[in-house]
Amino acid sequence: MKYRRLGKTELKVPVIGIGTWQYGGEWGKEFTVREVQEILGRGLELGCNLIDTAECYGDHLSESLIGEATRGNRSEWIIATKFGHHFHGHLKRQDDWSPAGVVKQLEASLAALRTDYVDLYQFHSGSDAALLNDELWDMLHRQQEAGKIRHLGISIGSNENVGQVEAAPRLKAEAIQVVYNRLDRAPEKEVFASCLRHDLGVLARVPLASGFLSGNYKPGAVFGQDDVRASRDRELTDRRLREVAEIREREVPEGLDMAQWAIAWCLQHEAVSTCIPGFKSVAQLEAALKAAELDMVSDDHPAAWRK
């Protein structure tokens, strides 16, 4: 595993971490504690010691599974979680950005994670008005002083919301989370430049474009009603999958696994500290982590690689 510095946090994070929305039960599968233990345990063995989760992934369900799986070796993990939304059922959320509400969310997250601190606590895809609330950040800074939060971050909802990135230094946030993958390059316009300018660590979520860049799906793919992808526009999904087929033909070197290529592609940008794909099995994790061994030779020739 390779590691990079997560901006001003000075944390050394693996270039590939573990995203965990799927453990909340909204991606077509329910997970047992044993399954999560096996995935995270193997990840730790391979040097993948960064976990990203949120309180609204199944009403702290994802956090609870993680807390059970990391019990006994908490100090070996870098755990990031997020706040701002209450889970009320499949794809149903209620926002709560009030300082008092966020304190309750933090305490519930700590209890679910079976820990007394989180390494990175992130504002979760909220509006500018919700973000720019000094009372909220004053409270968060007090929680830092109390030792319950080590670092603060902002997970931006829009990949072009450079305003929230620019606000990070004033709010004393040290990391930005953003969607970035071969199908969505919007952060390259302004967001990444701002992150580099302010020395903000970047967590790139959805590097496999919700699994579309895994190479496992073709136009016409059907997802179950318990899978978040079923709620998305069918025409847009098919258009994206047709684009994936073209990318595979034009850009992915023959013999190279597409998921590994997509993750390595994401990591080639200098602003990206780590990417956080989700894994449903140990096999998926082991295959994806091989992307850390790949380097893109040139941005001008995206199909050229070296080991």
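Up top you'll find the structure we're talking about.
In this text, all values refer to a predicted model and were calculated from it rather than measured experimentally.

Describing unusual backbone geometry
Its identity as a non-glycine residue notwithstanding, K172 has a phi of 65 degrees, on the positive side. In this structure, D199 is a non-glycine residue whose phi angle is positive, near 55 degrees. Mapped onto the fold, D199 is located in the loop between α7 (191-197) and β11 (201-205).

Focus on the sheet that holds β11
Working definition: the strands of a sheet are paired by backbone hydrogen bonds and lie parallel or antiparallel to each other. Pairing within the open sheet is parallel, and its 8 strands lie in the order β3-β4-β5-β8-β9-β10-β11-β12. Of all the strands in the sheet, the pair left with one neighbour each is β3 (18-19) and β12 (274-276). Two strands pair when backbone bridges link them, and strand β10 (residues 175-179) and β11 are joined in this way by 5 bridges, in the parallel orientation. Each bridged residue has a counterpart across the sheet, and for Q177 the counterpart in β11 is L203.

Notes on the pattern of salt bridges
Under the definition given, this model contains 20 salt bridges. Among the salt bridges present, the one from E45 reaches R42, with a minimum N-O distance of 2.8 Å. Of the two residues, E45 and R42 are both situated in helix α1 (residues 33-45); the distance of 3 residues between them amounts to about one turn of the helix. Residue classification places E45 among the exposed residues on the basis of a relative accessible area of 60%. R250 is paired through a salt bridge with E251; the nearest N and O atoms lie 3.6 Å apart.

Quick word on the environment of A287
Structurally, A287 can be placed in helix α10 (residues 282-289). Sequence spacing of A287 and L113 is 174 residues, and the spatial spacing of their C-alpha atoms is 27 Å.

So, the pairing of β11
The buried count for β11 comes to 5 of 5 residues, which makes it a mostly enclosed element. Here β11 shows no split at all, with G201, L203 and R205 on one side and V202 and A204 on the other all buried. As for the winding sense of the linkage, the β-α-β connection from β10 through α7 to β11 is right-handed.

Focus on the packing of aromatic side chains
The full count for this structure, using the stated rule, is 8 aromatic pairs. When the centroid spacing of 4.8 Å and the interplanar angle of 70 degrees are considered together, the rings of Y23 and F31 count as edge-to-face. Classification of Y23 by relative accessible area gives buried; the value is 1%. You can call F31 buried: its relative accessible area is 11%. Geometrically, the ring pair formed by Y180 and F192 is edge-to-face, given 4.8 Å between the ring centres and 80 degrees between the ring planes. With Y180 in the loop between β10 and α7 and F192 in helix α7, this pair connects stretches of sequence that are 12 residues apart.

Digging into the pairing of β10
Along β10, 5 of the 5 residues are buried, which leaves the element largely enclosed by surrounding structure. Where strand β9 (residues 149-155) and β10 come together, 3 bridges link them in parallel fashion. Paired with S155 across the bridge in β10 is Q177. In this fold, β9 hands off to helix α6 (residues 162-171), which returns the chain to β10; that crossover is right-handed.

Reading the values: the criteria
- Residues numbered from 1 in each chain as written.
- Predicted model: local features only at pLDDT ≥ 70, side-chain atom pairs only at ≥ 80, totals over all residues.
- Heavy atoms only, no water.
- Helix = DSSP H or I, 4+ residues; strand = E, 2+ residues; numbered from the N terminus.
- Pairing = 2+ DSSP bridges.
- Salt bridge = Lys/Arg side-chain N within 4 Å of Asp/Glu carboxyl O.
- Buried < 20%, exposed > 50% of the residue type's maximum accessible area, 1.4 Å probe, protein only.
- Right-handed = clockwise from strand over helix to strand, strands pointing away.
- Phe/Tyr/Trp six-rings, centres within 6.5 Å; stacked < 30°, edge-to-face > 60°.

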